[in-house]
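Each chain is listed here by its residues.
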Amino acid sequence: MAATNQTSFNNPKFTVPLNDIEQQTSLELEAVKEFDYSKRSQWLRAAVLGANDGLVSTASLMMGVGAVKQDIKAMILTGFAGLVAGACSMAIGEFVSVYSQLDIELAQMKRDKERGTDHEDQNKEDEKKEDLPNPLQAAAASALAFSLGAMVPLLAASFIRDYKVRVGVVVGAVTLALIVFGWLGAVLGKAPLVRSSVRVLIGGWIAMAITFGLTKLIGSSGL
């Protein structure tokens, strides 16, 4: 019998060509390689920005107030107010911003349609419609991410009475969360892991240090 490029399983009823298996595997690998991670940019940007903002701004507020008033109740109330105000602000800001972007893209698509399109252009237009930004999705992702980020310093400080230990725990929890958020954003967007994590971490440290230092300075001056 002449040699063939096909191979059979032990069951004689089924014969699967080796070429078909190789072709299917090749197509699956190609689909993974060709996945466009930029499609995640809209909601990923809103989520990462919201989480980092909630984490850093809430922690900075709590540490700033704690620099002049070491009472735990004052820090917790400040952090909670920052969580609510920040989540609402992020949601509204994202909604307005993304809706403006949506209006611009829809207006451009309308102008293109009025100029007349052929079959190929119609296909491109259909693809653009699928990729249009979603204002509600961006607003919800931003608000939820902000709230999750803000919960980190709030929970870290809620059960610690001693001021110095409380501040140390908040800084430690925020540091760990910044690294995790930076790593998660890099993984979802297929960006460099170490560079993204370090960038987020250093930015958060600087924001907290400036807020703490300026508030401490103003508080000690008696203003």
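Residues numbered from 1 in each chain as written. Predicted model: local features only at pLDDT ≥ 70, side-chain atom pairs only at ≥ 80, totals over all residues. Heavy atoms only, no water.

Asks: Would you explain the overall build of the protein in this entry?
Replies: Within the protein, the secondary structure is distributed over seven helices and two strands. Burial statistics for the protein: of 223 residues in total, 31% are counted as buried. The contacts of the protein with a sequence gap of at least 6 include a subset with a gap of at least 24, amounting to 71%. About 14,400 Å² of surface is accessible on the protein, with carbon and sulfur atoms providing 64% of the total. (Helix = DSSP H or I, 4+ residues; strand = E, 2+ residues; numbered from the N terminus. Buried < 20%, exposed > 50% of the residue type's maximum accessible area, 1.4 Å probe, protein only. Contact = heavy atoms within 4.5 Å. Areas by Shrake-Rupley, 256 points an atom, 1.4 Å probe, with all protein chains shown as cover.)

Asks: What is the right way to look at the UniProt feature "transmembrane region" (unreviewed entry) in the protein in this model?
Replies: Following the UniProt record, one finds the feature "transmembrane region" (unreviewed entry) at residues 74–92, 138–160, 167–188 and 200–219. In residues 74–92, the share of helix is 100% and the share of strand is 0%. The end C-alpha atoms are 27 Å apart. Helix makes up 100% of residues 167–188 and strand 0%, whereas the separation of the span's terminal C-alpha atoms amounts to 31 Å. (UniProt positions renumbered as here; feature names shortened; annotations may be inferred.)

Asks: Just to check I follow, could you spell out the nonpolar core for this structure?
Replies: Here is a general trend for soluble globular proteins: nonpolar side chains tend to be buried in one another's company. Of all hydrophobic cores here, the largest spans 27 residues; its most connected members are Leu55, Val170, Val174 and Leu178. Within the residue set of this core, elements represented by two or more residues are α2 (41–68), α3 (72–114), α5 (135–157), α6 (163–189) and α7 (193–220). For Leu178, the residues in contact, after removing those within four places along its chain, are Asn52, Leu55, Val56, Val200, Leu201, Gly204 and Trp205. (Core = buried A, V, L, I, M, F, W, Y, C linked by side-chain atoms within 4.5 Å.)

Asks: Can you walk me through α7 in this structure?
Replies: Here α7 spans 41 Å end to end across 28 residues, near enough to the 40 Å set by a 1.5 Å rise per residue. Those residues of α7 not exposed but buried are Ser196, Ser197, Val200, Leu201, Gly204 and Met208. (Expected span 1.5 Å × (residues − 1).)

Asks: Where do I start with the layout of surface pockets in this structure?
Replies: The gaps of empty space that remain are located by a probe, the size of a water molecule, rolled over the atoms. Here the second largest pocket is characterised by a volume of approximately 150 Å³. Taken together, 10 residues line the second largest pocket, and the ones lying closest to its centre are Ala47, Val48, Ala51, Phe181 and Leu184. Within the residue set of the lining of the second largest pocket, elements represented by two or more residues are α2, α5 and α6. Residues of the lining of the second largest pocket, tallied by class, amount to nine nonpolar, one polar and no charged. (1 Å grid on protein atoms, 1.4 Å probe; cavity = no way out; pocket = protein on both sides within 12 Å on 5 of 7 lines; lining within 4 Å. Points joined across faces, edges and corners; volume = space filled by probe spheres on them. Nonpolar A, V, L, I, M, F, W, Y, C, P; charged D, E, K, R; others polar.)

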